[in-house]
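One-letter residues, chain by chain:
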Amino acid sequence: MAETHVLFVEDDDVIREATQLALERVGFTVTAMPDGLLGLEAFRADRPDIALLDVMVPGLDGVSLCRRIRDESTVPVIMLSARADSIDVVLGLEAGADDYVTKPFDGAVLVARIRAVLRRFGHASGGQGGATAAEPSHGTGGALVFGDLEIDTEGMEVRRSGAQVGLTPTEMRLLLEFSSAPGTVLSRDKLLERVWDYGWGGDTRVVDVHVQRLRTKIGQDRIETVRGFGYKFRA
């Protein structure tokens, strides 16, 4: 089985070299770049399995690099930010990142988060969650139909009014969780556990930003905010 290829963009030499060694020690293949422009070139040349992007890198900042990557690929992206309360975290998620890790980070924690994202993406084509929602299904095969929204749980495709909707694997898994239980309120913590594979309480901003991104693609009124509790999918 081929080793997982990680693109790591970080301008701090010490952090870059130490993190690269830590990732290689557990079996990852790592391409490490000191700035965003070189990172973009490496991404296009190597097509890695996952990208780790520091927010503050020269040439092309991490948020802009994330947008460029997302324009071309659904490869998972984890942003690295020096401050947990930074607006850069939200900007990175809005740009298409799937998760973020706050610096300074423990190498074992970073490895665990990378593996969680990779498991999530590996399962995205396996159809966990949505296949159980038989009641709203009016299509054929693994299709779920909610008004103008059609979710193919076997082909992992979504259409709205007949037009295909481009979702990242994380957005797809989020939609599958919602569509498997229409009308049921799902808490942010439950969504973190099921979609992001967090076995502990994570930052719910990850959920909120992804819900907002999903709404822009499938319809703003499709996912209802239930204040104080979480979100509910409208059938």
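Residues numbered from 1 in each chain as written. Predicted model: local features only at pLDDT ≥ 70, side-chain atom pairs only at ≥ 80, totals over all residues. Heavy atoms only, no water.

1. Overview of the overall build of the protein
Helix and strand content of the protein: eight helices and 12 strands. Going through the 235 residues of the protein one by one, you find that 49% of them count as buried. Summarising the internal contacts of the protein: among those between residues at least 6 apart in sequence, 58% fall at separations of at least 24. Carbon and sulfur atoms provide 49% of the accessible area of the protein, an area that totals close to 10700 Å². (Helix = DSSP H or I, 4+ residues; strand = E, 2+ residues; numbered from the N terminus. Buried < 20%, exposed > 50% of the residue type's maximum accessible area, 1.4 Å probe, protein only. Contact = heavy atoms within 4.5 Å. Areas by Shrake-Rupley, 256 points an atom, 1.4 Å probe, with all protein chains shown as cover.)

2. Quick look at the nonpolar core
Within the largest apolar cluster, 51 residues are counted, with the highest numbers of intra-cluster contacts made by Leu53, Met79, Ile151 and Phe178. Those residues in contact with Ile151 that lie beyond four places of it in its chain are Gly142, Ala143, Leu144, Phe146, Glu157, Val158, Met172, Leu175, Leu176 and Ser179. (Core = buried A, V, L, I, M, F, W, Y, C linked by side-chain atoms within 4.5 Å.)

3. Looking at helix H3 (residues 62–72)
Here H3 has its buried residues at Gly62, Val63, Leu65, Cys66, Ile69 and Arg70. Each buried residue of H3 lies within a common arc of 160° when the element is viewed along its axis, so the set occupies one face. Where H3 is buried, its residues touch strand S1 (5–9), helix H2 (36–46), strand S3 (50–54), strand S4 (77–81) and helix H4 (87–94). (Arc of directions from axis to C-beta.)

4. Description of unusual backbone geometry
With omega at -5°, the peptide bond leading from Lys103 into Pro104 counts as cis. Relative to the elements of secondary structure, Pro104 occurs in the loop between strand S5 (99–102) and helix H5 (107–124). Notably, Arg47 is not glycine yet its phi reads approximately 45°, a positive angle. Of note, Met156 is a non-glycine position whose phi angle comes to about 55°, a positive value. Structurally, the position occupied by Met156 is in the loop between strand S7 (149–152) and strand S8 (157–160).

5. Quick word on the sheet that holds S4
Strand order in the open sheet formed by five strands is S2-S1-S3-S4-S5, with parallel pairing between adjacent strands. Only two strands of the sheet have a single neighbouring strand rather than two, namely strand S2 (29–33) and S5. In this sheet, adjacent strand axes meet at a mean angle of 20° when their direction is disregarded. Taken strand by strand, helix H1 (residues 13–25) contacts S1, S2 and S3, and its axis lies near 170° from that of S2. (Pairing = 2+ DSSP bridges. Axes fitted to C-alpha atoms, helices over the stretch in contact; angles between N-to-C directions.)

6. What to know about the sheet that holds strand S9 (residues 163–165)
Read from one edge of the open sheet, four strands run S6-S7-S8-S9, paired in antiparallel fashion. Edge positions in the open sheet fall to strand S6 (143–146) and S9, since each of these has one partner strand only. Across this sheet, the average inter-strand angle for adjacent strands is 25°, counted without regard to direction. On the sheet, helix H6 (residues 169–179) packs against S6, S7 and S8 and is oriented at approximately 110° with respect to S7.

7. A few points about the packing of aromatic side chains
With the rule as written, the count across this model stands at one aromatic pair. Note on Phe146 and Phe233: the rings are 4.9 Å apart at their centroids and 80° apart in plane angle, and the pair reads as edge-to-face. In this pair, Phe146 is assigned in strand S6 and Phe233 in strand S12 (residues 230–233), connecting sequence segments 87 residues apart. Here the two residues Phe146 and Phe233 agree in accessibility, since each one is buried. (Phe/Tyr/Trp six-rings, centres within 6.5 Å; stacked < 30°, edge-to-face > 60°.)

8. Focus: the pattern of salt bridges
In this structure the tally under the stated criterion is 18 salt bridges. The shortest N-O distance in the salt bridge between Arg113 and Asp99 comes to 3.2 Å. Here Arg113 is found in helix H5, whereas its partner Asp99 is found in strand S5, with 14 residues between them in sequence. You can call Arg113 buried: its relative accessible area is 12%. Of the charged contacts in the structure, one is a salt bridge between Glu193 and Lys190, with a shortest N-O distance of 3.8 Å. Taken together, the residues Glu193 and Lys190, both in helix H7 (residues 188–195) and three residues apart, mark about one turn of the helix. (Salt bridge = Lys/Arg side-chain N within 4 Å of Asp/Glu carboxyl O.)

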